[in-house]
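Chains, contacts and geometry: an overview
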Amino acid sequence: MILPIVAYGHPVLKKKAEEVEANYPDLKQFIEDMYETLYASSGVGLASPQLNKSIRIFVVDADPLSKEYPEAKDYKKTFINPEILEYFGDDFEYSEGCLSLPGLYEDVVRKSKIRIRYQDENFDTHEEVIEGIPARIIQHEYDHLEGIVYTEHLSNMKKILLKGKLRDISEGKVVVDYRMTYPNKRRKR
Ligand code: NI
């Protein structure tokens, strides 16, 4: 089932998400719904808080970027209770977008490599070093679990310049071709 994505300004996007236990109700179905929603909105990553569920899960499918970034080929993975243990490598800048902030793309500087520990859908634990575009997507999605939206990484000047645009997003004054819920949508008179 395709679920609505919450827009910027919703309090759930500011919350630190809760750990997930293996017996969480309907978890398998929820993860399937996350992928369905991701594909319906043509994204490459989606975190649970964006579906108004404040639990520590995100899904990544980087494959649509594989033309430009070969390491993205077939990179599809579910991350449950992830912990980024280390950020390292070079700083690199990349134009990020977010399904909760439709129409907005801004350059964000992040590290090129991470070491991450996480559980898969079977709750088996993995520890991996990840680099390239998957590392970029994972850092963005991981931030969502910590209650951080990517615009928080921008300079104060940039944040001031974006204020109006962010307000428009939270009020639903955007053109978007997937289902969303807007925290500050005004009712039509
Ligand atoms: Ni995002």
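In short, a report on the structure. (Residues numbered from 1 in each chain as written. Predicted model: local features only at pLDDT ≥ 70, side-chain atom pairs only at ≥ 80, totals over all residues. Heavy atoms only, no water.)

Structural notes on the pairing of strand S4 (residues 76-96)
- When strand S3 (residues 57-61) meets S4, the two strands line up antiparallel, connected through five bridges. When the bridges of S4 are listed, Ile57 appears paired with Ile80.
- Where S4 meets strand S5 (residues 106-119), 12 bridges bridge the pair, whose relative direction is antiparallel. Among the inter-strand pairings, Glu86 is bridged to a residue of S5, identified as Arg115. (Pairing = 2+ DSSP bridges. Helix = DSSP H or I, 4+ residues; strand = E, 2+ residues; numbered from the N terminus.)

Here's the deal with the packing of aromatic side chains
- The final tally for this structure, using the stated rule, is four aromatic pairs.
- Between Phe58 and Phe79, the aromatic rings sit 4.9 Å apart at their centres with planes inclined by 25 degrees, giving stacked as the arrangement. Of the two residues, Phe58 is situated in strand S3 and Phe79 in strand S4; the sequence distance between them amounts to 21 residues.
- According to the relative accessible area criterion, Phe58 is buried, its value standing at 0%.
- You can call Phe79 buried: its relative accessible area is 0%.
- On the basis of an interplanar angle of 65 degrees and a centroid distance of 6.1 Å, the ring pair of Tyr69 and Tyr94 is categorised as edge-to-face. Here Tyr69 is found in the loop between S3 and S4, whereas its partner Tyr94 is found in strand S4, with 25 residues between them in sequence.
- Here a set of aromatic residues connected by ring pairs shows up, and it is made of Phe58, Phe79 and Tyr118.
- Here the guanidinium or amino end of Lys53 rests over the ring plane of Phe30, the centre of that ring lying 5.0 Å away.
- Residue placement shows Arg136 over the ring face of Phe92; its charged tip is 4.5 Å from the ring centre. (Phe/Tyr/Trp six-rings, centres within 6.5 Å; stacked < 30°, edge-to-face > 60°. Buried < 20%, exposed > 50% of the residue type's maximum accessible area, 1.4 Å probe, protein only. Lys NZ or Arg CZ within 6 Å of the ring centre and 35° of its normal.)

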